[in-house]
Amino acid sequence: MKIISTKVHGVLDYLMGAILIVAPWLLNFNRGGAETWIPVALGAGAIMYSLFTNYELSVSKSISMRTHLTLDLMSGILLAASPWIFGFNDYVYLPHLILGIVEIGAASMTEVTPRYDYSAGHNVH
C-alpha cells in the first residue's frame, strides 16, 4: 500500500539524512569505526541523491523516483544489517536496525509518481 506521497517522502529524506549524519554523536556510538561512518555515509548519500530525484523537493529532476526508492531500500537493508556484517553488534545495533527498518518501510510505502507533472504544469492526481 502506497500511503506516502513523494512530497512527504522528500521531507523524510532530508530529515533521515540529517538524523543519520548526527546519530553517532547524538546517541553516543561515535567510536570512529564502521558503527560511526556507515550511518554518516548513508545519510550524506541520501541527501545527495534526494537533491537529484524527480520529486517536489529536489533541485534537479535527473533520478527517477523508482531508482530513488531502490536506493532507499538498499540503504535501509545495509544499515539494518551493518552491525552484524561489520561486527559491531556487541557494541551497538539498535539505532542501525531501527533506522534501517524505517528506511525500508518508507521506501516500500511511497508512491512512485509525483502528484505534480512538472512538464505539463498541473496536478497529476
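Scroll up to find the structure this text is about.
I will try to describe carefully the structure that is included in this document. Because the structure is a prediction, the values reported are computed rather than measured.

### What to know about the environment of Leu73
The residue Leu73 is located in helix H3 (residues 65-85) in this model. The exposure class assigned to Leu73 is partly exposed, which follows from its relative accessible area of 33%. As for Leu73 and Glu103, which are separated by 30 residues in sequence, their C-alpha atoms are 6.6 Å apart. Other than its neighbours up to four places away in sequence, Leu73 contacts Ile104 and Ala107.

### Structural notes on helix H1 (residues 6-26)
Over its 21 residues, H1 runs 28 Å from end to end, which matches the ideal 30 Å to within 8%, given 1.5 Å per residue. Among all positions of H1, only Thr6, His9, Gly10, Asp13, Met16, Gly17, Leu20, Ala23 and Pro24 are buried. Against the buried residues of H1 lie helix H2 (34-51), H3 and helix H4 (94-108). Residue Asn28 follows H1 closely and has a positive phi angle near 60°.

### As for the nonpolar core
Among the nonpolar cores identified, the biggest contains ten residues, and these are Met16, Leu20, Ala23, Phe29, Ile38, Leu42, Leu79, Phe88, Val92 and Leu99. At three residues, the largest contribution of residues to this core is made by H1. With sequence-adjacent residues up to four places away left out, Leu99 is seen in contact with Met16, Ile19, Leu20 and Leu79.

### Overview of the packing of aromatic side chains
Each aromatic ring pair is summarised here by two numbers: the centre-to-centre distance and the angle between the ring planes. Enumeration over the complete set of coordinates arrives at two aromatic pairs. Pairing Trp84 with Tyr93 gives two aromatic rings, centres 5.5 Å apart and planes at 55°, and the pair type is tilted. Taking relative accessible area as the criterion, Tyr93 reaches 37% and is therefore assigned partly exposed. The cationic tip of Arg31 hangs over the ring face of Tyr91; the distance from NZ or CZ to the ring centre is 3.6 Å.

Criteria and thresholds
- Residues numbered from 1 in each chain as written.
- Predicted model: local features only at pLDDT ≥ 70, side-chain atom pairs only at ≥ 80, totals over all residues.
- Heavy atoms only, no water.
- Helix = DSSP H or I, 4+ residues; strand = E, 2+ residues; numbered from the N terminus.
- Buried < 20%, exposed > 50% of the residue type's maximum accessible area, 1.4 Å probe, protein only.
- Contact = heavy atoms within 4.5 Å.
- Expected span 1.5 Å × (residues − 1).
- Core = buried A, V, L, I, M, F, W, Y, C linked by side-chain atoms within 4.5 Å.
- Phe/Tyr/Trp six-rings, centres within 6.5 Å; stacked < 30°, edge-to-face > 60°.
- Lys NZ or Arg CZ within 6 Å of the ring centre and 35° of its normal.

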